[in-house]
Amino acid sequence: MSVSVSSNDDLVEQDLQHPPASLAWLMWTLGGLLFLIGFFHRIAFGVMGDPLRMEFALTATTLGTLASFYYYSYMPMQVPVGIMADRFGPRKLLTCGAAITALGTVLFVMATNYWMLGLGRLLIGGAVAVAFVTMMKIAQHWFDLKKFSLLTGLGLLAGNLGAVGAGVPLQFLIGEIGWRPVLLGLAALTGVLAVATWIWVRDDPEDLGYKSYDLKGARHEPHGSVLSTMKDAICHRNVLLLTLACGAAAGSALTFGGLWGVPFLRTAYGFSSPEAATITTIMLLVWAGSGVLLGFWSDQSGKRKVPFIVGALVAALGWAVVTQIADLPHWLLYLALVVAAAGSSIMIVGLSLARESVPRRLQGTALGWCNMGVMIGPMILQPLTGFLIDVNWDGKLDNGTRVYDLTTFQVGFIPMIVWLLLAAVLICFAREKKFGS
């Protein structure tokens, strides 16, 4: 006859309760606020582009490149952030990220030339790079992981609240007080967030005496070297494919909604700048809201590949209608934008598939790789679109500023459609294999 004996630690573990929902949401929300601020900076160039072009004599190419400085630092930070999130936890990363974001914003505000603008934007991009992966790391410890895709979608929605602020409200504030005071106020708020994060955020419910949703002992698993961890994650086929494919989804939405959509809509349909900013803001909200719904459906169905492939094809069709067919009735333009934005939300499913494709110790790193792919999209497409617009420019000027016609925009948007079609093909080769959650 065998007798099972429970240790005191096991009894304590059984007595522990999971944290109250209000506390879990506080942790997640503080991470989400930095992501919101980062998204504001990401999208703001769609409205700030004209003031910056006039003040610093920028071309479409130099403006697109300046916008992409954000991604030049954000993108390469993703994998290191994933590793650091696995090893050191979200609290330190989020606090440092918010503090450096505030510093970079002040530098951008004080800029007197193109290179100071670029340096400020580099600091901002590299600093807010910690937000998304650490927010997902908080979700892993503080929430039931059956809700992971839903929480990922809600994270994108939180970011797009920043996009709302970077649309019509920013357009209004720039007209009233100028872009520099607006960003200086945002820098102050970001500094306050850094202090609040350090005071309240904890890496795991165990730090406050609650039961963690993370596997027992998972946060203390041994780790290999940084390079070996990076290699182990990317060598999983799904992670590599998703790193390449997710860039198409975010790249298309952010290239249109975050930079070139406003001038395109002014040129193609004669909208005013506030009207065009309103349209692109609503489009980004549809993108975020669709991510929540798609994440919920994907969690409930357990399907990842099919939603991603269908979404990529739908997005490619929607963007083709929006950008390549001239003089659409307004109702059809809006419908096509909704379809394109909804299809482009597939990155939510991609992140969930990446997490499920690797062992637990590599999940933060896999999310980092995949989110790096998300940022490769706009980093490449925003300046490439600007370059193609400049190449096809007919030489027309208005008060020394270049004027671009509809054809130049149509050519500029072709790469994002092609990339979405390629993404659908790539994910056909992925496998739906789940490691222990």
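Residues numbered from 1 in each chain as written. Predicted model: local features only at pLDDT ≥ 70, side-chain atom pairs only at ≥ 80, totals over all residues. Heavy atoms only, no water.

### A word on the overall build of the chain
In step 1: Scanning the chain for helices and strands turns up 19 helices and 2 strands.
In step 2: Its C-alpha atoms give the chain a radius of gyration of 22 Å, near enough to 22 Å, the size a compact globule of 437 residues would have.
In step 3: The buried share of the chain, taken over its 437 residues, is 57%.
In step 4: Look at the contacts in the chain between residues 6 or more apart in sequence, and 85% of them connect residues 24 or more apart.
In step 5: As displayed, the chain offers around 17,300 Å² of accessible surface, 68% of which is attributable to carbon and sulfur atoms.
In step 6: Distance from the positive charge centre (28 side chains) to the negative charge centre (25 side chains) of the chain: 6 Å. (Helix = DSSP H or I, 4+ residues; strand = E, 2+ residues; numbered from the N terminus. Rg over C-alpha atoms; globule rule 2.2 N^0.38 Å. Buried < 20%, exposed > 50% of the residue type's maximum accessible area, 1.4 Å probe, protein only. Contact = heavy atoms within 4.5 Å. Areas by Shrake-Rupley, 256 points an atom, 1.4 Å probe, with all protein chains shown as cover. Lys, Arg positive; Asp, Glu negative; His and termini not counted. Charge placed at Lys NZ, Arg CZ, Asp CG, Glu CD.)

### Remarks on the layout of surface pockets
In step 1: Its volume calculated, the largest pocket comes out at about 460 Å³.
In step 2: Lining the largest pocket are 25 residues; nearest its centre among them are D50, R53, P263, R266 and R402.
In step 3: Counting only elements with at least two residues in the lining of the largest pocket, the list comes to helix 3 (45-56), helix 9 (168-177), helix 12 (237-269) and strand 2 (401-402).
In step 4: The greatest single-element share of the lining of the largest pocket, amounting to 8 residues, is contributed by helix 3.
In step 5: Within the lining of the largest pocket, the residues separate by chemical class into 13 nonpolar, 7 polar and 5 charged. (1 Å grid on protein atoms, 1.4 Å probe; cavity = no way out; pocket = protein on both sides within 12 Å on 5 of 7 lines; lining within 4 Å. Points joined across faces, edges and corners; volume = space filled by probe spheres on them. Nonpolar A, V, L, I, M, F, W, Y, C, P; charged D, E, K, R; others polar.)

### Some words on the environment of Q17
In step 1: Turning to its location among the elements, Q17 is positioned in the loop between helix 1 (8-15) and helix 2 (21-43).
In step 2: Classification of Q17 by relative accessible area gives exposed; the value is 55%.
In step 3: Distance in space between the C-alpha atoms of Q17 and A288 is 33 Å, their sequence separation being 271 residues.
In step 4: Residue contacts for Q17: discarding those within four places in its chain leaves Y210 and K211.

### Quick word on the packing of helix 17 (residues 363-391) against helix 19 (residues 414-427)
In step 1: Running from amino to carboxyl end, helix 17 crosses helix 19 at an angle of 145°, the nearest separation of the two axes being 9 Å. Packed against helix 17, whose contacting residues are I376, G377, I380, L381, L384 and L388, the element helix 19 presents P415, M416 and W419 at the interface.
In step 2: In the contact of helix 17 with helix 19, the residues fall into 8 nonpolar, 1 polar and no charged. (Axes fitted to C-alpha atoms, helices over the stretch in contact; angles between N-to-C directions.)

### Some words on the side chain of K137
In step 1: For K137, the position within the fold is in helix 7 (residues 130-142).
In step 2: Discounting residues that sit within four places of it in the chain, K137 has contacts with A85, D86 and P90.

### Regarding the packing of aromatic side chains
Aromatic ring pairs are described here by two measures, namely the spacing of the ring centres and the angle between the planes.
In step 1: By the definition in use, this model includes 20 aromatic pairs.
In step 2: Seen in terms of ring centroids, F35 and F132 are 5.1 Å apart; in terms of plane orientation they differ by 50°. Their pairing is tilted. One end of the pair, F35, is in helix 2; the other, F132, is in helix 7, and 97 residues separate them in sequence.
In step 3: Residue F132 is classed as buried on the basis of its relative accessible area, which comes to 3%. (Phe/Tyr/Trp six-rings, centres within 6.5 Å; stacked < 30°, edge-to-face > 60°.)

### Thoughts on the pattern of salt bridges
In step 1: As enumerated under the stated definition, the model contains 5 salt bridges in all.
In step 2: For R266, the salt bridge identified is with D50, shortest N-O distance 3.2 Å. In this pair, R266 is assigned in helix 12 and D50 in helix 3, connecting sequence segments 216 residues apart.
In step 3: Look at D50 and you get partly exposed, because its relative accessible area is 26%.
In step 4: The salt bridge partner of D390 is R402, with a shortest N-O separation of 2.9 Å. On the criterion of sequence distance, the pair formed by D390 in helix 17 and R402 in strand 2 is long-range, its members being 12 residues apart.
In step 5: With a relative accessible area of 12%, D390 lands in the buried category.
In step 6: Among the charged side chains, a network of salt bridges with common partners joins D50, R53 and R266. (Salt bridge = Lys/Arg side-chain N within 4 Å of Asp/Glu carboxyl O.)

### Description of the nonpolar core
One broad trend across soluble globular proteins is that nonpolar side chains are buried collectively.
In step 1: The biggest cluster of nonpolar side chains holds 142 residues, and the ones touching the most others in it are W287 and W319.
In step 2: The dominant element in this core, judged by the number of residues it contributes, is helix 12, at 18 residues.
In step 3: When near neighbours in sequence (up to four residues on either side) are disregarded, W319 contacts S252, A253, F256, M283, Q324, L337, A340, S344, M416, I417 and L420. (Core = buried A, V, L, I, M, F, W, Y, C linked by side-chain atoms within 4.5 Å.)

### Considering unusual backbone geometry
In step 1: One non-glycine residue, A57, lies in positive phi territory at about 55°.
In step 2: With respect to the secondary-structure elements, A57 resides in the loop between helix 3 and helix 4 (60-88).

### Examining empty space enclosed by the protein
In step 1: Applying the stated criterion across every chain yields a total of 4 cavities of 30 Å³ or more.
In step 2: Empty space within the largest cavity amounts to approximately 60 Å³.
In step 3: In terms of lining residues, the largest cavity is bounded by F40, H41, A44, F45, M48, F108, R121, I124 and L183.
In step 4: Going through the elements one at a time, helix 2, helix 3 and helix 6 (114-128) are the ones with two or more residues in the lining of the largest cavity.
In step 5: Here the lining of the largest cavity is composed, by residue class, of 7 nonpolar, 1 polar and 1 charged.
In step 6: Roughly 50 Å³ of internal volume is contained in the second largest cavity.

Worth remembering: the numbers are spatial, not functional.
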